[in-house]
Structure formats: structure tokens, C-alpha cells
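Take a look at the letters that make up each chain.
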Amino acid sequence: MNVRSVLYAILIGALMLSLVGCTTVAPAAPAAEAPAGDQAAAPAAEMAGKTFEDLVVGYAQIGAESEWRTANTQSIKAEAERLGVELKFSDAQQKQENQIKAIRSFIAQQVDVIGVSPVVETGWETVFQEAKDAGIPLILVDRRAAVPEELYVTYLGSDFVEEGRRAGQAMADILGGEGKIVELVGTVGSAPANDRYSGFREAITEYPGMEIIASQSGDFTRAKGKEVMEAFLKSYGDEIDALYAHNDDMAIGAIQAIEEYGLKPGEDIKIVSVDAVRGAFEAMIEGKLNCTVECNPLLGPQFFDLALKVVNGEEVAKWVPSEEGVYFPEQAAELLPTRQY
Ligand code: GYE
């Protein structure tokens, strides 16, 4: 099993690399040729030379809903501090209207770059257009928004559909291709919830014996994850073979609900979740979680690197994906000390 999971992680890594090759290199190449042949494109050269100390960056964060988010915020703040970037950071408490207000205030303050992690996918066109009209480049971090490509410079973050597929494949392996599954969905309308939902289904279509009997949002939090799992147990009880949670925090909340109900998480109800935060490794060591699919929150270094490039007029890929693995209980004790979040 240990060997199998390592091989699995390597295979996924290779797959990701080939994906990166197709998605980033192709669109960047033709665009890069244009300024080279155009001598009038000198202003970019004048601006080149901005350093991290010159940068003023506005960051519209979602909130503090999960261990993942805390690690993500910490990575952004620590990197700004390390590089000497002036960071204006806003916590929207998971509300889109607060994120929109924050972006408008960054525009008013004429920051150099805006970073935003859109809580949901839709409803961003107006405010993104305002940033564009003000000449302020916008970088999507962690989550995508459903807007035309010209409204943002780049998206830095994970392939959530692929995470859903990996979770589905791991679940099929753990259940031997058969079982009744309940699903804790992330924040309704968010990119990771939408994509982890569809990726998982895509992977399990091959297994007619696997059935999703209930699916409801736990908003990516422990408290809601616990509450919704309690409701699932009330309705379906012993019928439930497995839980797929869109993040570790909801899985950890659900583990409590399952124990309080008198069943054994990880045994009576198998659990696969996403993020690979430390809490998930601890749960795997205790035998209460069967797999976690990694989603890397440590985006600070890549974000500021992109921000500087963008301000200096350098070409960047439209999508910069993060590299991620899949982890099983056999590796948990060995890997826990190396985990940074
Ligand atoms: O999986 C979840 C967090 O957007 C990838 O948001 C992120 C998700 C992450 O609340 O734990």
C-alpha cells in the first residue's frame, strides 16, 4: 500500500506536469512575440526595475473558515514581510460584498496590484472592470472567478477538478468499487466546491456500485461539517459506507459527529477529504481518516513573484498551477513532521 500510494503520487505529479505544459506554455508563446517586434513598447522597459520594496499590494482574502485558509493567509503575510512589500490585507469574513468593498478601497488607494481569492465564482465582472479601468492589474489567487479572461492577468492556484477526480479514485480503491457515499460540499457556488463535486463524479462513473446517496454544503467549516453529518446520520444511519468531504475541516467535524453517533470513523464509515492539512494527518494516524488529497495553500511566494512580474510588464501564464499529492494513513506518521500547514 505504501509503495502503491507513492507510485500514485508520482503518477499524479507527472500528469500535472504534462498538464502544466499544455496549459501555460501554449498561450504564453504567441503573446510574448508581440512586444519584441514592437519598438514602441518602451514604457514597459521604463517600468522594469520596480522592486518588491516599491510594491503596494491590496489583498482581498475570503476569511478564516478553515486550517487551509489560515495557512494561506499566513503564507501571504509572511512573504510580504520578508520581501518588504507593502501589503493592504482585508478579511471579508466569507462575504462577497465585503470582498467587493475591499477591492474598491484598493482601487481608491491606487495600489499597484490587487490579489483576490473570490469566495464564489459569479458576480465579479463590474468590480473587476473597475480595477481594469483604473489600470490596476488583478491576480486571482486560490479560486477562479467566472469572468472573461481579459479582466484578470493570471490565476494562481490548484486544479480542483483534478482534486475531485483523485478523491473519487481513492474512494473507489478504498471501497473496492462499491458503497453508499454521503458528500459534504464546500461553500455553495465556490470554484473548489463546484469542481471537486464534478471531478469526483467523473472518477466514480466507472464504478456502478458506488452511489452518492446525499450531498449537502458544510460551507468548508468544522461546525457545519459536524452539523450536516449529524443530519446525514439521522436520515441514513448504518446505511452510510463512506463520506467524501470537500475539505479536511468538514471531515474533522464529521468525525466528531460519527463518534457521537456511536460508529467508528475510518472503519464503519470510510472518509476521503481534500487539503492535506496537519489535522488530516493527525486523523489518519488515529485511523479516523482514510485519505486526503493535497491542495497547497502556501501561495505567498508565487503570488508576490507574479505581482512583481506583472507590474514590470513581464509576460505571465494565464494559469499557474500548484504541485500536489495524495496521502494515505500508512505515510501519515512519517510525513506529519514535514508538513508545513
Ligand atoms: O480547500 C478549503 C478552504 O479555496 C482551496 O477553501 C480553497 C478551499 C480549501 O476553505 O479548506
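One structure accompanies this document, and this report is about it. Since we're looking at a predicted model, the values are computed, not measured.

Right, let's get into the packing of aromatic side chains. Within a pair of aromatic rings, the relevant descriptors are the distance that separates the centres and the angle that separates the planes. Counted under the stated rule, the structure contains seven aromatic pairs. Judged by centre distance (5.9 Å) and plane angle (0°), the rings of Tyr-59 and Phe-89 are stacked. On the criterion of sequence distance, the pair formed by Tyr-59 in strand β1 (residues 56-61) and Phe-89 in strand β2 (residues 86-91) is long-range, its members being 30 residues apart. When its relative accessible area of 0% is taken as the criterion, Tyr-59 is described as buried. Here Phe-89 falls in the partly exposed class, since its relative accessible area comes to 25%. These aromatic residues form a ring-pair network of at least three members: Tyr-59, Phe-89, Phe-303 and Phe-304. Over the face of the ring belonging to Tyr-152 we find Lys-318, whose NZ or CZ atom lies 4.8 Å from the ring centre.

Quick look at the sheet that holds strand β3 (residues 113-116) now. In space, the six strands of this open sheet follow the order β2-β1-β3-β4-β5-β11, with parallel pairing throughout. If you trace the sheet from one side to the other, it starts and ends with β2 and β11 (319-321), each paired once. Averaged over neighbouring strand pairs, the angle between their axes works out to 20° when direction is ignored. Where strand β4 (residues 138-141) lies against strand β5 (residues 154-157), three bridges are found, and the strand directions are parallel. In the strand pairing of β5, Leu-140 is matched with Tyr-155. Of the strands in this sheet, β1, β2 and β3 are in contact with helix α4 (residues 96-108), which crosses β1 at around 170°.

This next bit is on the site of the ligand. Neighbouring the ligand are 13 residues; Glu-65, Asp-142, Arg-143, Asn-247 and Asp-275 lie closest to it. Note that an oxygen atom of the ligand is positioned 2.7 Å from one of the side-chain N or O atoms of Asp-142. At a separation of 2.7 Å, an oxygen atom of the ligand approaches a polar side-chain atom of Arg-143. Relative to its unbound accessible area of 300 Å², the ligand is 100% covered by the protein chains. Of all the secondary-structure elements, those providing two or more residues to the shell around the ligand are α3 (67-83) and α7 (191-204). Residue composition of the shell around the ligand, by class: five nonpolar, two polar and six charged. Residues lining the shell around the ligand come from more than one domain, with at least three contributed by each of domain 1 (52-158 + 298-322) and domain 2 (160-295).

The rules we used
Residues numbered from 1 in each chain as written. Predicted model: local features only at pLDDT ≥ 70, side-chain atom pairs only at ≥ 80, totals over all residues. Heavy atoms only, no water. Phe/Tyr/Trp six-rings, centres within 6.5 Å; stacked < 30°, edge-to-face > 60°. Helix = DSSP H or I, 4+ residues; strand = E, 2+ residues; numbered from the N terminus. Buried < 20%, exposed > 50% of the residue type's maximum accessible area, 1.4 Å probe, protein only. Lys NZ or Arg CZ within 6 Å of the ring centre and 35° of its normal. Pairing = 2+ DSSP bridges. Axes fitted to C-alpha atoms, helices over the stretch in contact; angles between N-to-C directions. Contact = heavy atoms within 4.5 Å. Near = heavy atom within 4 Å. Polar contact = N/O pair within 3.5 Å; in protein donor to acceptor, adjacent residues only side chain to side chain. Areas by Shrake-Rupley, 256 points an atom, 1.4 Å probe, with all protein chains shown as cover. Nonpolar A, V, L, I, M, F, W, Y, C, P; charged D, E, K, R; others polar. Domains from an automatic or database assignment.

Honestly, that's just the spatial picture; any functional story needs more than this.
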